[in-house]
Amino acid sequence: MQQSLISLRDALETDLPAILEIYNDIILTTTAIYSEEPHTLQMRLDWFNERKQAGFPVIVAEQNGVLVGFATYGKFRVWPCYRFTIEHSLYVHRDNRGQGISKILLQEIISLAKSAGMHALIAGVDSENDISLQLHLTFGFTQVARFKEVGFKFNRWLDLIFLEMILE
């Protein structure tokens, strides 16, 4: 059976319920997000508006007209000398993982970051998330740090790995 094509576009405010569903499922079932409480639609709206006001992209992946993933980037740290370094995040709906959607979203984020004149792209990945770690390494990211036991979720300590890509 042939896979349906994945299309990317800028997120719209009307996409926020689907984005929220993906995000909250990841909060509640994985260690990909170091948060324990589901977000509200208002929280996602505030996040979306902050991204847009700052000029940061929020993109969505669609398959057969259904939103199946999203990605964005934002400031790595707030001080002005970090202005060319960004941290990205990307999430795929649980029913659509393993279809290459993360690769498509990550390639687009890298392209958008380069076009925006960014210099370094950072990924913070839970050390147990082998799929995400391998994805980033495949794209040329380098592991630059491992913070031991900095997160606590599901009654256990979590290590956070930082990966970096210098954008040429």
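Here is what the cut-offs are and how they apply
- Residues numbered from 1 in each chain as written.
- Predicted model: local features only at pLDDT ≥ 70, side-chain atom pairs only at ≥ 80, totals over all residues.
- Heavy atoms only, no water.
- Helix = DSSP H or I, 4+ residues; strand = E, 2+ residues; numbered from the N terminus.
- Rg over C-alpha atoms; globule rule 2.2 N^0.38 Å.
- Buried < 20%, exposed > 50% of the residue type's maximum accessible area, 1.4 Å probe, protein only.
- Contact = heavy atoms within 4.5 Å.
- Areas by Shrake-Rupley, 256 points an atom, 1.4 Å probe, with all protein chains shown as cover.
- Core = buried A, V, L, I, M, F, W, Y, C linked by side-chain atoms within 4.5 Å.
- Pairing = 2+ DSSP bridges.
- Axes fitted to C-alpha atoms, helices over the stretch in contact; angles between N-to-C directions.
- Phe/Tyr/Trp six-rings, centres within 6.5 Å; stacked < 30°, edge-to-face > 60°.
- Lys NZ or Arg CZ within 6 Å of the ring centre and 35° of its normal.
- Expected span 1.5 Å × (residues − 1).
- Arc of directions from axis to C-beta.

(A) Spatial organisation of the overall build of the protein chain. A tally of helices and strands in the protein chain yields four helices and seven strands. Counting from the amino terminus, helix and strand elements in the protein chain follow one another as β-α-α-β-β-β-α-β-α-β-β. Expected size for 168 residues packed as a compact globule is a radius of gyration near 15 Å; at 16 Å, the protein chain falls within 12% of this value. Relative to its 168 residues, the protein chain shows a buried fraction of 42%. Across the protein chain, the fraction of contacts at a sequence separation of at least 24, relative to all contacts at a separation of at least 6, is 62%. Surface summary for the protein chain: the accessible area is close to 9600 Å², and the carbon and sulfur share equals 52%.

(B) Examining the nonpolar core more closely. Among the nonpolar cores identified, the biggest contains 26 residues, and Ile86, Leu105, Ile110, Leu121, Phe141, Leu163 and Leu167 are the most heavily contacted of them. Elements with a contribution of two residues or more to this core: β2 (58–63), β3 (66–75), β4 (85–92), α3 (101–115), β5 (120–126), α4 (130–138) and β7 (156–166). If one sorts the elements of this core by residue count, α3 sits on top with six residues. If we ignore the near neighbours within four places in the chain, the residues touching Leu163 are Leu121, Ile122, Ala123, Val125, Leu133, His136, Leu137, Phe141, Thr142, Gln143 and Val144.

(C) Focus on the sheet that holds β3. Reading across the sheet, the seven strands line up as β1-β2-β3-β4-β5-β7-β6 and stay open at both edges, with mixed pairing between neighbours. Single-partner strands in this sheet number two, and they are β1 (6–10) and β6 (142–153). When strand polarity is set aside, the average angle formed by the axes of neighbouring strands in this sheet is 25°. This element, helix α2 (residues 41–54), spans β2 and β3 of the sheet and lies at about 55° to β3. Lying on the sheet, α4 is in contact with β4, β5 and β7; it crosses β5 at an angle near 160°.

(D) How the structure looks around the packing of aromatic side chains. Tallied over the entire structure, the rule returns nine aromatic pairs. On the numbers, 5.8 Å between centres and 65° between planes, the contact of Phe56 with Tyr73 is edge-to-face. Of this pair, Phe56 sits in the loop between α2 and β2 while Tyr73 sits in strand β3; the two residues are 17 residues apart in sequence, bridging distant segments of the chain. For the ring pair Phe76 and Tyr82, a centre distance of 6.0 Å and an interplane angle of 65° mean the geometry is edge-to-face. Among the aromatic residues, ring-to-ring pairing joins Phe76, Trp79, Tyr82, Phe147 and Phe162 into one connected group. Here the basic side chain of Arg44 rests over the ring of Tyr23, its NZ or CZ set 4.0 Å away from the ring centre. One cation-aromatic arrangement involves Arg44 over Trp47; the distance from NZ or CZ to the ring centre is 4.2 Å.

(E) Inspection of α3 at higher detail. When the terminal C-alpha atoms of α3 are compared, their 21 Å separation across 15 residues agrees well with the 21 Å that a helix rising 1.5 Å per residue should span. Taken residue by residue, α3 has Ile101, Leu105, Leu106, Ile109, Ile110 and Ala113 as its buried positions. All buried residues of α3 fall inside an arc of 165° around its axis, so they share one side. After α3 finishes, the residue Gly117 shows a positive phi value of roughly 80°.

(F) Spotlight on the pairing of β3. Counting buried positions along β3 yields eight of ten residues, so the element is predominantly enclosed. Sheet topology note: the β2/β3 ladder contains six bridges and is antiparallel. Within β3, the residue paired with Val58 across the bridge is Thr72. In this structure, the hairpin formed by β2 and β3 is closed by a connection of two residues, where Asn64 is found at a positive phi of approximately 55°. Bridge count between β3 and β4: seven bridges; the pairing is antiparallel. By the bridge assignment, Gly69 is partnered in β4 with Val92.

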